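# Observations on the model geometry
The lines below spell out each chain.
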Amino acid sequence: MATRAEFFAGLSPCAIEPVAMPSLDFSALDAPVLQVFRQMLAAVGGIAGAGSTLPEVDQFARSLLDGGSHVLSLVDGVTGSIDTSTVHSPRQLAHVDYTIAPARLGVAENGSVWIDGRDLPQRSAVFICEHLLVTCHAASVVGTLSDAMRQLGSVAGNWGAFISGPSKTADIEQSLVIGAHGARSCTVFLLAD
Amino acid sequence: MAITHAKNAASFVNNEARVNWHSAALLALRDKRDLQAKSVDEWERMREAASQMKLHVLSHLPALLEEFSARCESNGIIVHWARTAMEHNAIVADILQQRGRKKLVKSKSMLTEECHLVPYLEERGIECIETDLGERILQLRGDPPSHIVVPAIHLKKEEIGELFHERLGTEDGASDPTYLTQAARESLRDDFLTADAAMTGVNMAIASEGAFVVCTNEGNADMGAHLPDLHIAVMGMEKIVPDTASAALLMRMLARSAVGQPSTSYNSIFAAPRPGTEIHLVIVDNGRSRRMSDRRHAEIYKCIRCGACINTCPVYRRSGGHSYDYFIPGPIGLAISGDNSEANSEAWACTLCGSCSAICPVKVPLYQTIAYHREQLAHHKHLPYGKNTYMPLVGMVMKSPRRMALAMWLARLGMRLSPKPLLHRLGGGWTKSRDLPPPPRESFEAWYRKHGGVSDGH
């Protein structure tokens with residue numbers, strides 16, 4: 001096995017003449033971001049949550065609990081059935097029906113939301129659930145992914161994911177099927193405040 | 001004797017209905033890509049910027065690799081270096097064996113195909129489960145992938161239904177994609193929950209952050225990586241990008257180019273392990289550096305593996321992914337390996353139509369690189385299909401207008417006088433499933449003069 005020094009010593013010089021970094025400043029979205037976000041969320045198979053305040057999301061969560069679902073709420077002010085302080089292993093979440101997670105950003109051009117690892121008791125929480133519900137402040141929706149990355153700044157020492165709609169596949173004859181391995185649905189509540 | 005691309009394609013090509021179905025499925029992806037490209041105002045500017053950015057990366061690779069690996073280490077990601085496929089496999093096996101791991105869930109990685117990792121691990125008693133639906137189907141069938149993004153594109157849902165009936169106990173005769181996907185979800189969920197190690201590829205490695213991005217639609221990479229306490233990620237060294245703005249640019253282009261979606265469902269950015277767990281990252285050369293030392297071969301490593309060139313390629317669409325020697329089919333596969341195929345025929349599995357280069361999101365000079373391989377093979381007299389014998393003659397005839405006119409006159413006469421079976425023998429591959437057209441009465445030049453055409457100087 002190679003050491004780092006051996007690896008670098010084994011590299012032949014690249015024949016491409018040195019090229020400078022180009023400018024990566026791209027234009028802002030040329031349309032109202034919230035309108036585009038809603039369009040794209042629907043286009044990627046996501047659902048726009050009915051409600052724009054935390055009490056409304058909470059009410060929705062309570063209706064899920066009344067129906068007997070296991071609900072993992074990671075949003076302050078929204079009721080769940082699992083005490084997050086007892087979650088020590090990712091496999092513990094295998095039975096979760098609904099995860100309700102806060103997003104720090106929304107991206108209009110692809111209907112995605114940024115879920116930050118620091119907001120989750122386990123990274124698996126937003127993948128292993130049957131259904132994913134996300135709250136996102138309307139004011140934190142940006143136009144493009146380039147805008148979103150600029151806003152996030154450094155990601156060093158962290159983990160996070162842009163999630164664009166539910167889990168899907170088209171590996172069988174190119175037929176789109178929702179619900180491959182991750183959540184079978186992805187609902188985004190845009191919060192007005 | 002080594003088998004040419006044309007021979008390899010024969011069994012696929014013989015089923016015309018299937019060829020048409022295959023071609024249409026891929027063209028549909030191309031159409032969706034076009035719609036997405038048109039929906040982004042700056043698409044062409046983004047392509048040019050992405051190309052320049054990747055050229056910057058390739059021309060500064062050692063420095064960026066140093067920066068990247070140092071930052072990974074400060075994020076708690078353990079970095080390994082592999083000069084060859086064998087070193088890569090040995091590193092992965094060592095990590096697993098030292099910790100006594102027996103069951104690895106894997107998301108799709110072209111690098112592991114390149115290195116033949118799965119058979120290597122299985123020989124050592126480590127169970128490997130492919131978790132991308134297409135890859136899982138192929139693993140259960142014992143088939144290689146026929147495409148880098150949609151690996152089971154060559155299969156009909158009825159064939160998958162039959163396979164799942166045998167292997168996963170689905171209903172006999174059932175072929176509904178939703179039903180079959182559901183069955184795979186349930187079976188793989190058990191594997192995710194019982195695996196003691198996970199492996200993913202890397203779509204972009206961000207030097208300034210010591211972070212890597214993994215993109216999937218199914219969520220299988222994340223289902224794998226976040227459950228066991230050991231995650232091994234593997235990457236070719238060309239996956240580096242300088243910073244988050246560069247990663248964002250490629251993320252904006254990858255799924256749009258690949259399958260016509262504005263984004264993959266999951267773009268997961270790893271820049272630290274979870275507390276109490278390990279992330280190992282294996283960085284691989286395996287011939288990349290050698291190819292990059294040839295200027296006319298080097299730009300293939302701008303590639304982001306979207307597969308758009310494969311979807312648009314008229315030869316791939318009608319010959320299928322299994323007709324190629326190299327495990328990556330289509331234009332990008334030929335551009336990488338066209339100088340090194342067994343029968344030297346791969347560089348001719350291309351019409352030089354240029355469609356691939358025209359849509360590549362990072363402007364890899366695909367058909368130009370394939371043409372370069374032809375040039376090199378001709379230079380070394382390694383031409384396929386008998387071209388070593390007849391091409392020098394063709395060249396001699398075509399160099400002289402008089403010899404050309406005489407040869408064409410003989411050809412017209414011969415085609416008129418020869419019986420069909422003889423023509424079929426002379427026609428080679430062309431007359432395998434069709435007749436030659438009737439020969440014209442006269443040359444184009446004669447026809448042109450008769451109709452008052454005037455050429456320069458006459």
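Residues numbered from 1 in each chain as written. Chains lettered and ligands numbered in written order. Predicted model: local features only at pLDDT ≥ 70, side-chain atom pairs only at ≥ 80, totals over all residues. Heavy atoms only, no water.

## Observations regarding the overall build of chain A
What chain A contains, in helices and strands, is 5 helices and 11 strands. The buried share of chain A, reckoned over its 193 residues, is 54%. Here the analysis covers contacts within chain A between residues at least 6 apart in sequence; of these, 72% occur between residues at least 24 apart. A total of about 7700 Å² of accessible surface is found on chain A, and carbon and sulfur atoms cover 53% of it. Looking at chain A, you have 10 positive and 18 negative side-chain charges, and the mean spots of the two groups are 5 Å apart. (Helix = DSSP H or I, 4+ residues; strand = E, 2+ residues; numbered from the N terminus. Buried < 20%, exposed > 50% of the residue type's maximum accessible area, 1.4 Å probe, protein only. Contact = heavy atoms within 4.5 Å. Areas by Shrake-Rupley, 256 points an atom, 1.4 Å probe, with all protein chains shown as cover. Lys, Arg positive; Asp, Glu negative; His and termini not counted. Charge placed at Lys NZ, Arg CZ, Asp CG, Glu CD.)

## Some words on the domain arrangement of chain B
Domain assignment breaks chain B into domain 1 (1-39 + 307-323 + 331-353 + 363-398), domain 2 (44-155 + 196-289) and domain 3 (400-450). A separation of 27 Å is found between the C-alpha centroids of domain 1 of chain B and domain 3 of chain B. (Domains from an automatic or database assignment.)

## Regarding the packing of aromatic side chains
Throughout the structure, instances matching the rule amount to 13 aromatic pairs over all chains. Ring plane angle 25° and centroid distance 6.2 Å describe the contact between Tyr316 of chain B and Tyr324 of chain B, whose orientation is recorded as stacked. Note on Tyr316 of chain B: relative accessible area 0%, which makes it buried. Ring pairing ties together the aromatic residues Phe127 and Trp159 of chain A together with Phe212, Tyr266 and Phe270 of chain B, which thus form one cluster. Sitting above the plane of the Tyr120 of chain B ring, Arg124 of chain B keeps its charged end 3.6 Å from the centroid. (Phe/Tyr/Trp six-rings, centres within 6.5 Å; stacked < 30°, edge-to-face > 60°. Lys NZ or Arg CZ within 6 Å of the ring centre and 35° of its normal.)

## Re the environment of Ala2 of chain A
Mapped onto the elements of the fold, Ala2 of chain A is located in the segment before α1 (4-9). With a relative accessible area of 12%, Ala2 of chain A lands in the buried category. Among all residues touching Ala2 of chain A, those that are not within four sequence positions of it are Phe7 of chain A together with Trp81, Arg83 and Glu87 of chain B.

## Concerning the sheet that holds strand β11 (residues 185-191) of chain A
Residue and element names in this part refer to chain A. Strand order in the open sheet made by the 5 strands is β1-β11-β6-β3-β2, with parallel pairing throughout. Because the sheet does not close on itself, it has two edges, and the strands there are β1 (47-48) and β2 (71-73). Taken together, the 2 bridges between β1 and β11 define a ladder with parallel strand orientation. When the bridges of β11 are listed, Ala48 appears paired with Val188. Packed on one face of the sheet, helix α2 (residues 33-43) meets β1 and β11 and runs near 165° to β11. (Pairing = 2+ DSSP bridges. Axes fitted to C-alpha atoms, helices over the stretch in contact; angles between N-to-C directions.)

## Focus: helix α9 (residues 157-168) of chain B
All names here are of chain B. Those residues of α9 lying buried are Ile160, Gly161, Leu163 and Phe164. Take α9 and look down its axis: the buried residues cluster within an arc of 165°, on one side only. In α9, the exposed positions angled more than 90 degrees off the buried face are occupied by Glu162 and Glu166. Looking at the packing, one finds that the buried side of α9 touches α8 (133-141) and α10 (177-194). (Arc of directions from axis to C-beta.)

## Focus: the packing of helix α2 (residues 16-39) of chain B against helix α12 (residues 244-259) of chain B
All names here are of chain B. Packing of α2 against α12 leaves a shortest axis separation of 6 Å and a crossing angle of 140°. Every residue of α12 that contacts α2 at Leu29, Lys32, Arg33 and Gln36 is listed here: Arg256, Ser257, Ala258 and Val259. Considered class by class, the residues forming the contact of α2 with α12 number 3 nonpolar, 2 polar and 3 charged. (Nonpolar A, V, L, I, M, F, W, Y, C, P; charged D, E, K, R; others polar.)

## Some points on a nonpolar patch on the surface
Residue and element names in this part refer to chain B. Nonpolar side chains collect at one region of the surface, where Leu406, Trp409, Leu410, Leu413 and Leu417 lie side by side and expose about 530 Å² of accessible area between them. Residue position: Leu406 is located in helix α21 (residues 401-417). Here Leu406 falls in the exposed class, since its relative accessible area comes to 52%. (Patch = residues over 30% accessible without salt bridge, like charges linked within 9 Å, V, L, I, M, F, W, Y side chains within 5 Å. Salt bridge = Lys/Arg side-chain N within 4 Å of Asp/Glu carboxyl O.)

## Brief notes about helix α5 (residues 85-98) of chain B
Three- or four-residue spacings in an α-helix give side chains the same orientation, since the helix completes a turn every 3.6 residues. All names here are of chain B. With 14 residues, α5 should cover 20 Å at 1.5 Å per step; its first-to-last C-alpha distance of 20 Å lies within 8% of that length. Within α5, 10 of the 14 residues are buried, which leaves the element mostly enclosed by the surrounding structure. Within the sequence span of α5, burial applies to Ala85, Glu87, His88, Asn89, Ala90, Ile91, Val92, Ala93, Ile95 and Leu96. Residue Gly100 follows α5 closely and has a positive phi angle near 65°. (Expected span 1.5 Å × (residues − 1).)

## Some remarks on the side chain of Ser146 of chain A
Mapped onto the fold, Ser146 of chain A is located in helix α5 (residues 145-152). Overall, the relative accessible area of 8% leaves Ser146 of chain A in the buried class. Once residues lying within four places of it in the same chain are set aside, the contact partners of Ser146 of chain A are Phe26 of chain A together with Ala248 and Arg252 of chain B.

## What to know about the interface of chain B and chain A
Contact with chain B, which involves 102 residues of that partner, is made by 72 residues of chain A. The interface formed by chain B and chain A includes 5 salt bridges. The tally of links from chain B across to chain A stands at 44 residue pairs in polar contact (both at pLDDT 80 or more). If one sorts the elements of the side of chain B that touches chain A by residue count, α10 of chain B sits on top with 10 residues. A breakdown of the residues in the side of chain B that touches chain A according to their chemical character gives 51 nonpolar, 25 polar and 26 charged. Here 5 bridges tie strand β8 (residues 159-163) of chain A to strand β9 (residues 266-270) of chain B, and the two strands are oriented antiparallel to one another. From the neighbouring strand, Gly160 of chain A faces β9 of chain B, where its bridge partner is Ile269 of chain B. (Polar contact = N/O pair within 3.5 Å; in protein donor to acceptor, adjacent residues only side chain to side chain.)

## Details of unusual backbone geometry
One non-glycine residue, Leu352 of chain B, lies in positive phi territory at about 55°. Topologically, Leu352 of chain B is positioned in the loop between α17 (330-337) and α18 (355-359).

## What about the pattern of salt bridges?
Considering all chains together, one arrives at 33 salt bridges over all chains under this definition. Two residues, Asp229 of chain B and Arg101 of chain B, come together in a salt bridge whose shortest N-O distance is 2.8 Å. Taken as a pair, Asp229 of chain B in the loop between α11 (220-225) and β7 (230-236) and Arg101 of chain B in the loop between α5 and β2 (103-106) lie far apart in primary sequence, 128 residues in all. In this structure Asp229 of chain B comes out as partly exposed when scored by relative accessible area, which is 34%. A salt bridge links Arg288 of chain B to Glu114 of chain B; the shortest N-O distance between them is 2.9 Å. In this pair, Arg288 of chain B sits in helix α13 (residues 288-292) while Glu114 of chain B sits in helix α6 (residues 110-115), placing the two residues 174 residues apart along the sequence. The same class applies to Arg288 of chain B and to Glu114 of chain B, which are both buried. Overlapping salt bridges, with partners in common, bring together Glu17 of chain A together with Arg295, Glu299 and Lys302 of chain B in one network.

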